[in-house]
Amino acid sequence: MGIPKPFKNKLRYGSIIKIVINQQPITLLNLHLKSGCFTDKQLSKQKSKACKTLTQQLALIKQWMNSQQQTSQSLIIVGDINHQIIDSQHFIKKITNTPAMINQLSAPINAHCTVTLTNKKSRYRTYRKLIDHLVATTNINALSQHQINYNKQQLSKFTLSDHCPLLFTLTINPLKKA
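This next bit is on the environment of Q89. Mapping Q89 onto the fold places it in helix α3 (residues 88-95). Setting aside its immediate chain neighbours within four residues, Q89 contacts P99 and I102.

It is worth spelling out the sheet that holds strand β7 (residues 132-137) at this point. Strand order in this open sheet of five strands is β1-β2-β3-β7-β4, and the pairing throughout is mixed. Every interior strand has two partners, whereas the edge strands, β1 (15-21) and β4 (102-104), have only one. The sheet shows a mean angle of 20° between the axes of neighbouring strands, taken without regard to direction. Strand direction decides the pairing type here: strand β2 (residues 24-32) and strand β3 (residues 74-80), joined by seven bridges, are parallel. Considered in β3, the bridge of L31 is made with G79.

Each disulfide consists of a covalent bond between the sulfur atoms of two cysteine residues. All told, the structure shown has two disulfides when counted by the stated rule. Each disulfide pairs two cysteine sulfurs, and for C37 the partner residue is C51, the sulfurs being separated by 2.1 Å. With the S-S bond torsion at 100°, the cross-link from C37 to C51 turns out right-handed. Here C37 is found in the loop between β2 and α1 (40-45), whereas its partner C51 is found in helix α2 (residues 49-69), with 14 residues between them in sequence. This pair shows no difference in class: C37 is buried, exactly as C51 is. Across the disulfide, C113 is cross-linked to C164 (sulfur-sulfur distance 2.1 Å). Across the disulfide from C113 to C164, rotation about the S-S bond amounts to roughly 90°, and the bridge is consequently right-handed.

Parameters at a glance
Residues numbered from 1 in each chain as written. Predicted model: local features only at pLDDT ≥ 70, side-chain atom pairs only at ≥ 80, totals over all residues. Heavy atoms only, no water. Helix = DSSP H or I, 4+ residues; strand = E, 2+ residues; numbered from the N terminus. Contact = heavy atoms within 4.5 Å. Pairing = 2+ DSSP bridges. Axes fitted to C-alpha atoms, helices over the stretch in contact; angles between N-to-C directions. Disulfide = S-S within 2.5 Å. Buried < 20%, exposed > 50% of the residue type's maximum accessible area, 1.4 Å probe, protein only.

Spelled out as structure tokens, the structure:
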């Protein structure tokens, strides 16, 4: 499958981290995807450069995911996806040919993230939809997941991220061989 590579703008990088827990290998992919294409409706219309870039990034992730799943390893994808995942199955089909093997573990989190935006002057903005996500193979489940919110004192005193962190407690079972 030939994927065009017209990435003329600055790329956002990811990291692949391989870990072993209880003698079970896990591959973790941390991503920071293109911003500016936040909804499925925007993505499907492909009108903006951001949506075209995100489509290319998702195709590359799908290619990587499919090759990883052939090795029957546990996978976690986490990071700044910069996209609201309303229908998790619709999104998961964009990143793998085997969506039944993937759980979207950030789906139950109710977003309510207030951050400070600084351009010429600081202002507050509250995000009510997640754009940071965690998906994993079905042998990885969340015992708990929530968003850590900043309070007004923290926002006024510190220079914080423009995203509220997500915190997960995960359980990992042996991956069943196909």
